[in-house]
Each structure stands twice: as C-alpha cells, then as structure tokens.
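# Reading the structure
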Amino acid sequence: MGKKKIRLISSLIIFIGFVAFQALQPSSSKKEVLSQYSSVEDVVEDYTVTKVIDGDTIEVSISGKKEKIRIIGINTPETVDPRRLVECYGREASEKAKSLLMGKKVMLQSDSSQSDRDKYSRLLRYVFLPDGKDYGLTMIKEGYAYEYTYDTPYLFQEEYKGAQRKAEEMKLGLWGDGICPN
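## Looking at the side chain of Ser94
- In this fold, Ser94 is placed in helix α3 (residues 90-101).
- Relative accessible area serves as the criterion here: at 7%, Ser94 is assigned to the buried category.
- One polar contact links Ser94 to Thr79, side chain to side chain, over a distance of 3.3 Å.
- Beyond its immediate stretch of four places on either side in the chain, Ser94 contacts Val52, Asp54, Gly55 and Thr79.

## A few points about the state of the cysteines
- Within the structure shown, the criterion is met by 1 disulfide.
- Across a sulfur-sulfur distance of 2.0 Å, Cys88 and Cys180 are joined as a disulfide pair. Because the torsion about its S-S bond is -90°, the bridge between Cys88 and Cys180 counts as left-handed. Of this pair, Cys88 sits in the loop between β4 (74-75) and α3 while Cys180 sits in the segment after α5 (157-170), placing them 92 residues apart in sequence.
- Owing to a relative accessible area of 33%, Cys88 belongs among the partly exposed residues under this scheme.

## Here's the deal with the environment of Gly162
- In this fold, Gly162 is placed in helix α5.
- The exposure class of Gly162 is buried, given its relative accessible area of 17%.
- On a C-alpha basis, the gap between Gly162 and Glu147 in space is 9.1 Å, while along the polypeptide they are 15 residues apart.

## Quick word on the pairing of strand β2 (residues 57-62)
- Bridge count between β2 and strand β3 (residues 65-71): 6 bridges; the pairing is antiparallel. Among the inter-strand pairings, Glu59 is bridged to a residue of β3, identified as Lys68.
- Between β2 and the antiparallel strand that follows it, β3, lie 2 residues; Ser63 among them carries a positive phi value of about 50°.

## Some details on the packing of aromatic side chains
- Under the defined criterion, the tally for this structure stands at 5 aromatic pairs.
- With centroids separated by 4.6 Å and ring planes inclined at 65°, the aromatic side chains of Tyr126 and Phe156 adopt a geometry described as edge-to-face. Within this pair, whereas Tyr126 is found in strand β6 (residues 123-128), its partner Phe156 is found in the loop between β7 (146-147) and α5, the two being separated by 30 residues in sequence. The pair formed by Tyr126 and Phe156 is uniform in burial state, with each residue classed as buried.
- Taking 6.5 Å as the distance between ring centres and 80° as the angle between the ring planes, the aromatic pair formed by Phe128 and Phe156 counts as edge-to-face. Within this pair, whereas Phe128 is found in strand β6, its partner Phe156 is found in the loop between β7 and α5, the two being separated by 28 residues in sequence. In this structure, Phe128 and Phe156 share a single accessibility class: buried.
- Following the ring pairs from residue to residue traces out a cluster consisting of Tyr126, Phe128, Tyr154, Phe156 and Tyr160.

## Some words on the environment of Ile69
- Within the fold, Ile69 resides in strand β3.
- Look at Ile69 and you get buried, because its relative accessible area is 0%.
- Counting along the chain gives 53 residues from Ile69 to Arg122, while the straight-line C-alpha distance between them is 5.3 Å.
- In this structure Ile69 touches Asp56, Thr57, Ile58, Val60, Leu108, Leu123, Arg125 and Val127, once residues within four positions along its chain are discounted.

Here is what the cut-offs are and how they apply
- Residues numbered from 1 in each chain as written.
- Predicted model: local features only at pLDDT ≥ 70, side-chain atom pairs only at ≥ 80, totals over all residues.
- Heavy atoms only, no water.
- Helix = DSSP H or I, 4+ residues; strand = E, 2+ residues; numbered from the N terminus.
- Buried < 20%, exposed > 50% of the residue type's maximum accessible area, 1.4 Å probe, protein only.
- Polar contact = N/O pair within 3.5 Å; in protein donor to acceptor, adjacent residues only side chain to side chain.
- Contact = heavy atoms within 4.5 Å.
- Disulfide = S-S within 2.5 Å.
- Pairing = 2+ DSSP bridges.
- Phe/Tyr/Trp six-rings, centres within 6.5 Å; stacked < 30°, edge-to-face > 60°.

Such coordinate-based values are descriptive only and should not be taken to indicate function.
Okay, here's the thing in structure tokens:
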C-alpha cells in the first residue's frame, strides 16, 4: 500500500474517531477535543490574528514572527490578487472574515494529510475561533466560502462538502439567486 493511501486511511480513521468522540461528549468544546489529538495533529492555541488578508488567508504572530496562514479546505472569492479583478462576493467574504477573526485569539490545527506549507510558503492550517467553532466550516455554512480540495482529501472534507451542499440548497451568501451570475 502506498504512502498516500496510508495517510488517507489514517486521516479518515482520525476523522471518524474525532466525530465519534464529539458525539459522545456534547458538552466538550472543540478546543478540548482537539487538544487530545495534539500528538497526531499539531494544535497551536491562542495566537492573535494580526491581519485578515482575505476570507481564506490570515496572518498571526507566532513567537514574535508574523506567519501567513492559508486555511485548509476552503476558498473564498478573490479580493487581493493583483492579477485579477475582485470576484463576486469577495468583499463580503473578507468583511465576514474580519468580523470573526481580526484581533481575536485563535487555535490552529495542522492536518497530516496536507503539506505543512503551500507553494507560497503559507502555513496550511484549520482555524478555530475563540468559542471553539471551526472557522472554515462556519464560512462555508453561511455561504461566504466554498469547499476547496487542493490536491489530496483532508480531515474535514466530507463535513465541508456537506455544509456547502446545504448552503447551496438554502441559497445562502454567494449561492443566493442573482448574487453571482456565473
């Protein structure tokens, strides 16, 4: 069996265990649950968001160094790429990101199925809000982002895809009638 298949199977087992554990512990915050996986998935807590670049990229201060974080599993319409026009619903997604993240303390979680950094040297991480909610999932559920698989399946892929289907069905945000013509 190849390394990619082993990593995928391991990630799926971790995900199933994570979901099962959450179901059995409804009063536990995601922060408490994720910290139990720190030996498997790197959980970094309480880093302040210093800049929201757009809906899927932020900057945090880690040990005094500013690090750009590309959020795993989501994509939002472009607002800052100098080679492109601002995309439909991009400003709204960026504003929502700022309202949820700017100046807040967040948790970061890596995913062993993904590289540590992307081709632009940004750290690849999930971001969890101060209340323990998954930022990426929140953005998808509310129609500000769509599910995005870069190369290989990731830990929360099925949950994110399901959230996008619901947002589309409910015509939320960028899925609303007449919002984005294409």
